[in-house]
Amino acid sequence: DVKVTQSSRYLVKRTGEKVFLECVQDMDHENMFWYRQDPGLGLRLIYFSYDVKMKEKGDIPEGYSVSREKKERFSLILESASTNQTSMYLCASSLGIGLKQYFGPGTRLTVT
Amino acid sequence: EDKVVQSPLSLVVHEGDTVTLNCSYEVTNFRSLLWYKQEKKAPTFLFMLTSSGIEKKSGRLSSILDKKELFSILNITATQTGDSAIYLCAAPPTQGAQKLVFGQGTRLTINP
């Protein structure tokens, strides 16, 4: 079974802090995704990576950056956290051109 | 603009009831539609539908796609409290083969 893990389940940070969210998948998937999930808005794509060092902006990339130095690991970076980035962050991965995405358990980030 | 819309956004029923969740989509060059169930953490895959009129079934859950009317339904019969979850519908966008556009989700609560 595919396993996608995220570094933290819950995280509390202060406004202005730099925040790193890490995601690791163990199935050699090419594609990795970062979403945020907010009530009434569903999952919105922040960034997408289809290969090592390759990234593509999603629908809401402002205020975020990503890093993919190794195939199994995809990091989401909040350079200067703001209260409107309080949300649930979900990481996912998928294989090749396959559409089925496998999700991590999520990180609930609170920025105070 | 690609769009996936789910209804209702929230639904509360009693154990044993049958529920129908709706998902409509506006995507050029439609390829498939996916359903996920999200309990307290990672969304888990339920169904992928590509052909119109062919029902996919797993236990008490079933789903069908109507490509002419651009919608899908997810049925759950004889509901149990363990069916309480957010149900997510998604479709690949017009551009970006590996990505998914998600609906807002339906929060289903089953009361004993």
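Further up the page is the structure itself.
The structure displayed is predicted, hence computed values, not measured ones.

Q: Explain the overall build of chain B here, please?
A: For chain B, the helix and strand inventory stands at zero helices and eleven strands. Each helix and strand of chain B, ordered N terminal to C terminal, gives the series β-β-β-β-β-β-β-β-β-β-β. Compactness check: chain B gives a C-alpha radius of gyration of 14 Å against a globular reference of 13 Å for 112 residues, within 12% of the reference. Once the C-alpha set of chain B is aligned to its principal axes, its extents read approximately 45 × 30 × 20 Å. Expressed as a percentage of its 112 residues, the buried residues of chain B come to 46%. Mean positive and mean negative side-chain charge positions of chain B (12 and 10 charges, respectively) differ by 6 Å.

Q: Is there a simple way to think about the sheet that holds strand β3 (residues 19–26) of chain B in this case?
A: Pairing between the strands of a sheet comes from backbone hydrogen bonds, and it takes one of two forms, parallel or antiparallel. Residues and elements named next belong to chain B. If you walk across this open sheet you meet the five strands as β1-β3-β8-β7-β6, and the pairing is antiparallel. Whereas interior strands pair on both sides, the edge strands pair on one side only; in this sheet they are β1 (3–7) and β6 (56–58). The sheet shows a mean angle of 15 degrees between the axes of neighbouring strands, taken without regard to direction. For β6 and strand β7 (residues 61–66), the ladder comprises three bridges, and the chain directions are antiparallel.

Q: Sorry, what's going on with the interface of chain B and chain A here?
A: Accessible area lost upon the coming together of the parts is a frequently used measure of interface size. Each partner contributes residues to the interface: chain B has 21 residues there, and chain A has 22 residues. For the chain B face of the interface with chain A, the top three residues by lost area are Q98(B), K99(B) and F102(B), together amounting to 36%. Here chain B is connected to chain A by three residue pairs in polar contact (both at pLDDT 80 or more). The biggest single contributor to the side of chain B that touches chain A is strand β4 (residues 33–38) of chain B, with three residues. Class assignment of the residues belonging to the side of chain B that touches chain A gives a composition of twelve nonpolar, five polar and four charged.

Q: Please clarify how the nonpolar core should be interpreted in this entry.
A: A general trend in soluble globular proteins is that nonpolar side chains are found buried together. V4(B), L33(B), W35(B), L46(B), L74(B), Y87(B) and L108(B) are the most contacted members of the largest nonpolar core, which totals 24 residues. Going through the elements one at a time, β3, β4, β5 (44–49), β7, β8 (71–76), β9 (85–91) and β11 (106–111) of chain B are the ones with two or more residues in this core. Among residues more than four places away in sequence, those in contact with V4(B) are C23(B), S24(B), Y25(B), C89(B), A91(B), V101(B), F102(B), G103(B) and Q104(B). Counting 20 residues, the second largest nonpolar core, distinct from the first, contains L21(A), C23(A), I46(A) and Y47(A).

Q: Please clarify how the side chain of K37(B) should be interpreted in this entry.
A: All names here are of chain B. Inspection of the secondary structure puts K37 in strand β4. A relative accessible area of 13% places K37 in the buried class. In terms of polar contacts, K37 uses its side chain to reach the backbone carbonyl oxygen of G82, at 3.1 Å. Once residues lying within four places of it in the same chain are set aside, the contact partners of K37 are A42, P43, T44, L46, G82, D83, A85, I86 and Y87.

Q: Looking at this structure, I do not really get the state of the cysteines. What am I missing?
A: Each disulfide consists of one covalent bond between the sulfur atoms belonging to two cysteines. Per the counting criterion, the structure on display carries two disulfides over all chains. Sulfur-sulfur distance for the disulfide between C23(A) and C91(A) comes to 1.8 Å. Between C23(A) and C91(A), the disulfide has an S-S torsion of -75 degrees and is therefore left-handed. Remark: C91(A) occurs in strand β9 (residues 87–94) and C23(A) occurs in strand β3 (residues 19–25); sequence separation between them is 68 residues. A relative accessible area of 0% means that C23(A) is categorised as buried. Disulfide partner of C23(B): C89(B), at an S-S distance of 1.8 Å. Between C23(B) and C89(B), the disulfide has an S-S torsion of -60 degrees and is therefore left-handed.

Q: Got a minute to help me understand the environment of Q80(B) in this structure?
A: All names here are of chain B. Note that Q80 resides in the loop between β8 and β9. Once the C-alpha coordinates of Q80 and E15 are considered, the two residues, 65 residues apart in sequence, prove to be 5.2 Å apart. With residues near it in sequence (within four places) discarded, Q80 still touches E15, R60 and I110.

Q: Quick question: what am I supposed to make of the sheet that holds strand β8 (residues 73–78) of chain A here?
A: All names here are of chain A. Pairing is antiparallel across the open sheet formed by four strands, whose spatial order is β1-β3-β8-β7. Taken across any chain shown, the strands that pair with only one partner, and hence form the sheet edges, are β1 (4–6) and β7 (65–70). Averaged over all neighbouring strand pairs, the angle between strand axes comes to 20 degrees, with direction disregarded. With six bridges connecting them, β3 and β8 associate as antiparallel partners. Within the sheet, the bridge partner assigned to V19 lies in β8 and is L78.

Rules behind the numbers
Residues numbered from 1 in each chain as written. Chains lettered and ligands numbered in written order. Predicted model: local features only at pLDDT ≥ 70, side-chain atom pairs only at ≥ 80, totals over all residues. Heavy atoms only, no water. Helix = DSSP H or I, 4+ residues; strand = E, 2+ residues; numbered from the N terminus. Rg over C-alpha atoms; globule rule 2.2 N^0.38 Å. Buried < 20%, exposed > 50% of the residue type's maximum accessible area, 1.4 Å probe, protein only. Lys, Arg positive; Asp, Glu negative; His and termini not counted. Charge placed at Lys NZ, Arg CZ, Asp CG, Glu CD. Pairing = 2+ DSSP bridges. Axes fitted to C-alpha atoms, helices over the stretch in contact; angles between N-to-C directions. Contact = heavy atoms within 4.5 Å. Buried area = accessible area lost by both parts, 1.4 Å probe. Polar contact = N/O pair within 3.5 Å; in protein donor to acceptor, adjacent residues only side chain to side chain. Nonpolar A, V, L, I, M, F, W, Y, C, P; charged D, E, K, R; others polar. Core = buried A, V, L, I, M, F, W, Y, C linked by side-chain atoms within 4.5 Å. Disulfide = S-S within 2.5 Å.

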